[in-house]
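Here's the letter readout for the chains.
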Amino acid sequence: MTPTALILIVAAVAAVVDWWAVATDRRPVELIAKPAAMAALVGVAASAGSPPGDVRIWLVIGASFGLVGDVALLGDGESAFMAGLASFALGHLAYAVAAVLIGFAPLPALGGAVFTALLLGYRFVPETLPGARDHGGPVLAGAVVVYAAVISAMVIASWGSGRWMAAVGASLFAISDWVLGYQRFVAPLRGGRVAVHVPYHVGQALLIIGLAGV
């Protein structure tokens with residue numbers, strides 16, 4: 001078994017424990033399992049495949065900002081949420097750079113653009129964005145718009161890389177953020193927290209592995 005495979009197994013186990021903790025409302029377990037899963041994915045980014053040029057550096061940066069964002073969102077309050085939002089935005093930018101360094105095919109990228117347009121059009125623009133404005137005023141609404149633009153760029157770049165696994169992973173990552181935003185600014189969803197965590201972990205794993213060229 002390769003070191004990458006072993007680290008990926010650790011990430012998978014930590015992620016499943018986190019999903020169980022979220023589903024059963026075991027907060028102390030979640031506080032350990034969620035960062036542990038992302039820390040293992042940083043290790044996957046550092047060791048998986050043989051990506052060209054500086055792609056690996058950007059993958060590690062992206063995963064590391066994901067870990068920082070995870071830790072921030074474990075806290076309560078608006079400042080913790082904004083810190084997490086900023087960290088994840090920087091992570092998305094790093095993943096986008098990694099994808100563009102691999103290549104950019106316009107036709108697959110168009111598919112990513114259509115996907116993001118559908119995701120933004122379904123409840124985000126008509127419901128989540130107004131909810132963010134009501135929740136925190138123009139500043140928070142503006143931050144959410146910028147974040148949506150950044151994750152859209154990451155999705156489009158990942159699709160444009162021509163790596164199908166990365167495209168699926170980026171799309172799942174975006175769905176996770178869509179659910180998170182809706183839950184925070186509009187209304188709770190049945191099983192919503194699990195619906196945030198599962199595509200988040202699976203999406204980042206596929207994104208990293210896909211861009212690393214495993």
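Residues numbered from 1 in each chain as written. Predicted model: local features only at pLDDT ≥ 70, side-chain atom pairs only at ≥ 80, totals over all residues. Heavy atoms only, no water.

(A) Structural detail: helix α1 (residues 3-23). Helix length check: α1, at 21 residues, gives a terminal C-alpha distance of 30 Å against a target of 30 Å (1.5 Å per residue), a fit within 8%. Residues of α1 that are buried include every one of Thr-4, Ala-11, Ala-14, Ala-15, Asp-18, Ala-21 and Val-22, and no others. Along the axis of α1, the buried residues cluster in a sector spanning 120°; they form a single face. Buried residues along α1 sit against α2 (27-47) and α7 (192-212). (Helix = DSSP H or I, 4+ residues; strand = E, 2+ residues; numbered from the N terminus. Expected span 1.5 Å × (residues − 1). Buried < 20%, exposed > 50% of the residue type's maximum accessible area, 1.4 Å probe, protein only. Arc of directions from axis to C-beta. Contact = heavy atoms within 4.5 Å.)

(B) Layout of the environment of Ala-39. Here Ala-39 is to be found in helix α2. Separated by 29 residues in sequence, Ala-39 and Val-10 place their C-alpha atoms 9.7 Å apart.

(C) Region of interest: the pattern of salt bridges. In the structure shown here, the tally under the stated rule is five salt bridges. Note that Arg-184 and Glu-78 form a salt bridge whose closest N and O atoms lie 3.7 Å from each other. In this pair, Arg-184 is assigned in helix α6 (residues 164-185) and Glu-78 in helix α4 (residues 78-102), connecting sequence segments 106 residues apart. For Arg-123, the salt bridge goes to Glu-127, with nearest N and O atoms at 3.9 Å. Of this pair, Arg-123 and Glu-127 both sit in helix α5 (residues 106-160), four residues apart, which is roughly one turn of that helix. The class for Arg-123 is partly exposed, based on a relative accessible area of 28%. Here the residues in one salt-bridge network are Arg-27, Glu-30 and Arg-193, joined through shared partners. (Salt bridge = Lys/Arg side-chain N within 4 Å of Asp/Glu carboxyl O.)

Bear in mind that shape data such as this cannot, by itself, settle questions of function.
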